[in-house]
Amino acid sequence: MAAGTALVYDGEMINHKLLWEDPTCEVEVPERLSCCYGRLQHYNLIERCILVSAREGTESEIMLIHSMDYVEVVKSTEKMEKEELQKVSAEYDAVYFHPTTYRCAKVAVGATLQLVDAVMSGKTRNGLTLIRPPGHHSQRNAANGFCIFNNVAIAAKYAQRKYGLQRILIVDWDIHHGQGIQYAFDDDPSVLYFSWHRFEHQNFWPWLSESNYDAVGQGKGKGFTINVPWNLVGMGNSDYLAAFLHVLLPIAFEFDPELVLISAGYDSGIGDPEGQMKATPECFSHLTHFLMNLANGKLCAVLEGGYHLRSLSESVCMTLKALLGDPLSPLSGEMMPCLSARESIQNVRAAHKPYWKCLTYEEKAELTQTNVELLSPQEVGKGDVNEVIKTDRFLETHMKSILSLKPPIKTAAAVGESGAYLLPPTVHIPKGLDMKEFKTTISAFDVKNMKEEALNLLLNMLAVLNKIIKKEVINGLAVSSTPSLSSAIAIAHCQNLKVQKVLCVFVGDMDMKIELDDDKVLLINICAKHFEQVNTKHNISLNWKEDPKTNNFFSATFGFILPVAYSYQPNLTIVIVGPNQNLGKNRISLLISLLQGLAESQILAVIQDTEEKIMQDIANILTGDFIPNFENFAPDLQENVEVIKELRAQFQQEWKLLQCSAKNFK
Ligand code: X5A
Ligand code: ZN
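Residues numbered from 1 in each chain as written. Chains lettered and ligands numbered in written order. Predicted model: local features only at pLDDT ≥ 70, side-chain atom pairs only at ≥ 80, totals over all residues. Heavy atoms only, no water.

1. So, the site of ligand 1
(1) Moving on: Taken together, 15 residues lie around ligand 1, and H137, G145, H176, D267 and Y307 are the ones closest in.
(2) Moving on: With respect to ligand 1, the side chain of H137 contributes an N or O atom lying 3.3 Å from a nitrogen atom.
(3) Moving on: Interatomic distance of 2.5 Å between a side-chain N/O atom of Y307 and an oxygen atom of ligand 1. (Near = heavy atom within 4 Å. Polar contact = N/O pair within 3.5 Å; in protein donor to acceptor, adjacent residues only side chain to side chain.)

2. Things to note about helix α10 (residues 309-324)
Residue pairs spaced three or four apart in an α-helix point in one direction, given the helix's 3.6 residues per turn.
(1) Moving on: Between its first and last C-alpha, α10 extends 22 Å over 16 residues, near the 22 Å set by a 1.5 Å rise per residue.
(2) Moving on: Counted residue by residue, α10 has 14 buried out of 16 residues, so it is predominantly covered.
(3) Moving on: Downstream of α10 by a residue or two, G325 has a phi angle that is positive, lying close to 90 degrees. (Helix = DSSP H or I, 4+ residues; strand = E, 2+ residues; numbered from the N terminus. Expected span 1.5 Å × (residues − 1). Buried < 20%, exposed > 50% of the residue type's maximum accessible area, 1.4 Å probe, protein only.)

3. Describing the environment of H177
(1) Moving on: In this fold, H177 is placed in the loop between β4 (168-172) and α7 (179-185).
(2) Moving on: A sequence separation of 133 residues divides H177 from N44, and the C-alpha atoms of the two residues are 33 Å apart.
(3) Moving on: Residues contacting H177, with those up to four places away along its chain left out, are H136, H137, Q182, Y193, S195, H197, E210, S211 and N227.
(4) Moving on: One polar contact links H177 to Q182, side chain to side chain, over a distance of 2.7 Å.
(5) Moving on: A distance of 3.2 Å separates the side chain of H177 from the side chain of N227, its partner in a polar contact. (Contact = heavy atoms within 4.5 Å.)

4. Focus: a negative patch on the surface
(1) Moving on: There is a patch of like negative charges on the surface, built from E417, E452, E453, D609 and E612.
(2) Moving on: Note on D609: relative accessible area 34%, which makes it partly exposed. (Patch = residues over 30% accessible without salt bridge, like charges linked within 9 Å, V, L, I, M, F, W, Y side chains within 5 Å. Areas by Shrake-Rupley, 256 points an atom, 1.4 Å probe, with all protein chains shown as cover. Salt bridge = Lys/Arg side-chain N within 4 Å of Asp/Glu carboxyl O. Lys, Arg positive; Asp, Glu negative; His and termini not counted. Charge placed at Lys NZ, Arg CZ, Asp CG, Glu CD.)

5. Some words on the nonpolar core
(1) Moving on: In terms of nonpolar packing, the biggest core is built from 189 residues, with W196 and L291 touching the most fellow members.
(2) Moving on: Ignoring anything within four residues of it in the chain, the contact list for W196 reads D172, W173, D174, I175, H176, V228, W230, Y240, A243, F244, S268 and L287.
(3) Moving on: Core analysis: the next-biggest nonpolar cluster, separate from the first, contains 35 residues, I442, V447, A454 and L572 among them. (Core = buried A, V, L, I, M, F, W, Y, C linked by side-chain atoms within 4.5 Å.)

6. Topic: the coordination of the zinc ion (ligand 2)
(1) Moving on: For the zinc ion (ligand 2), every protein donor is listed as D174 (OD), D174 (OD), H176 (ND1) and D267 (OD), and the spread of their distances is 1.9 to 2.6 Å.
(2) Moving on: Within one chain, the residues serving as donors to the zinc ion (ligand 2) are arranged as D-x1-H-x90-D. Taken together, the residues H176 in the loop between β4 and α7 and D267 in the loop between β7 (259-264) and α9 (281-291) connect sequence positions 91 residues apart.
(3) Moving on: On the basis of relative accessibility, which here comes to 0%, the residue D267 falls in the buried class. (Donors = N, O, S within 2.8 Å, 3.2 Å for Na, K, Ca; no water.)

7. A look at unusual backbone geometry
(1) Moving on: Between R132 and the following residue, P133, the backbone shows a cis peptide bond with an omega angle of 0 degrees.
(2) Moving on: Its place among the elements puts P133 in the loop between β3 (126-130) and α6 (151-163).
(3) Moving on: Of note, the amide linkage connecting W205 to P206 takes the cis form, showing an omega dihedral of 0 degrees.
(4) Moving on: If you trace the backbone, P206 turns up in the loop between β5 (191-198) and β6 (225-230).

Purely spatial values, then, with no claim about function.
Written out as structure tokens, the structure reads:
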């Protein structure tokens, strides 16, 4: 599959600027681009990308979305003096024109299309383009909200025409509603448009009723517009994550796009004067990482808004790092979506129940519009200079604390002689073990009767684990003839090395005897057999009936495992793949891929030695060379969904990211 990340940028787009006083438009400044570029240089990210040149979008490309008359209006501003420019600008809502606007807007379109071409042709796997003016508010006959041409909407039409795509997903994480994109594809089921936006019960720009959750699309396009309205400011990492886990991701995987376009606005980030939300930069790397598992990795991130220069540029860097496959910094903050966010999420899910199989078994939730006693949002004074400086200072320390050095080697493996040839060449296989290092750990277990080969594998596994814990590698895998024992030993070793929190996910029939009584380990056991054991907060069995027909697992992945895992915030993840897995190998691969969002992407996968094919896939997931693909979506078996529902009800007080309704919890 295609590799590499494209970066499309052209300094020409800094020429477009505001020539008169206008408090509404003054935040959309040229420095938005230069700061982002400077920050990318600071983190040495530019040289890691495949640089793709921008070009001008052609008139016929622009007319995939806009009318000829409108293009003529924009073109006519090229020759205008300030006064005339001001007059044209005043005809639109929150827009300014400059003599270079037409040229810049054409380059913004062309840069976006260059990115689409790089990704669709397989020149790169994914990419990012830094452009302005932004696009998502502009419409067939109108500029709007700093936007001239609708870059992303044009890109979607272009990709459909040029590459014959049937399904494109647009994720608009800008804090404003991209109504321009919504209008362009309102009745079109081939483009799924998701947007969250500051809404405040329609008391926020652009004040449209069609930004609410009940706008789901028209005609054949019903169900293909998804609006998550935020009715409070101060939404943060856990609110955004909850919207992804409980709304976007299940639907997106069911939709199964061939290309993902991100309307990547960063006014949804902390410190932004427009959005007044509080998501920190690493949040965007997680959002990106989730989306990288769709469309075989074909993902184009296209800049929209973002007006706090430091916040914007750090968030852009985190997005690009995710695209490059860097380990993810753990999502910071308490993982507890607020009541208002949950209410919005519940309403969107209810509104979309008729259109998506993944929501079939959703309770018939009442649509709520109650203004419950809302949590007091963080007061962020709009345009408050002190607040902006506070965010600057906060980000200065925050980024230092979350960005750790990247190990030179990504993946280590303990596979024995026979397995080594199945691995990608970049995988490191530790040799020359020092038994003493593992003595304390091993001595607590009965390994006397173990065959030498099995014992060797076990020691090799501990060597790999050591490398992960010491951050010499990011992740690793180990085959084992005794996965239950191996994982027990691995967990013990983590405790000896004082790893604070270990998440263990078991897949397959395993005989687990691990004593647990505190927060140091969380076990999730996915098994077909019914266990008599009583579930506790840190030891949860998820009985999943195998269904080869659908081979599905999304409701468990997004509805339970990831919310619990993100709520727990582990320091290390161990996945154990035993015999008789009740899941298809693609589902296991996807789960492991998604679990890379936890614990700085530190994962040890322990795999039963008979499962060579899975071992190979997992190795490729861990090195970043493979993204699992999915065919034939069918909803999960109702009895499986019921199991998930019950577990969610049982644990949503403890693992708060499971909460996605406005029910009031203690
Ligand atoms: C692209 C973008 C915002 C316009 C706000 C007008 N536009 N009040 O973020
Ligand atoms: Zn915006």
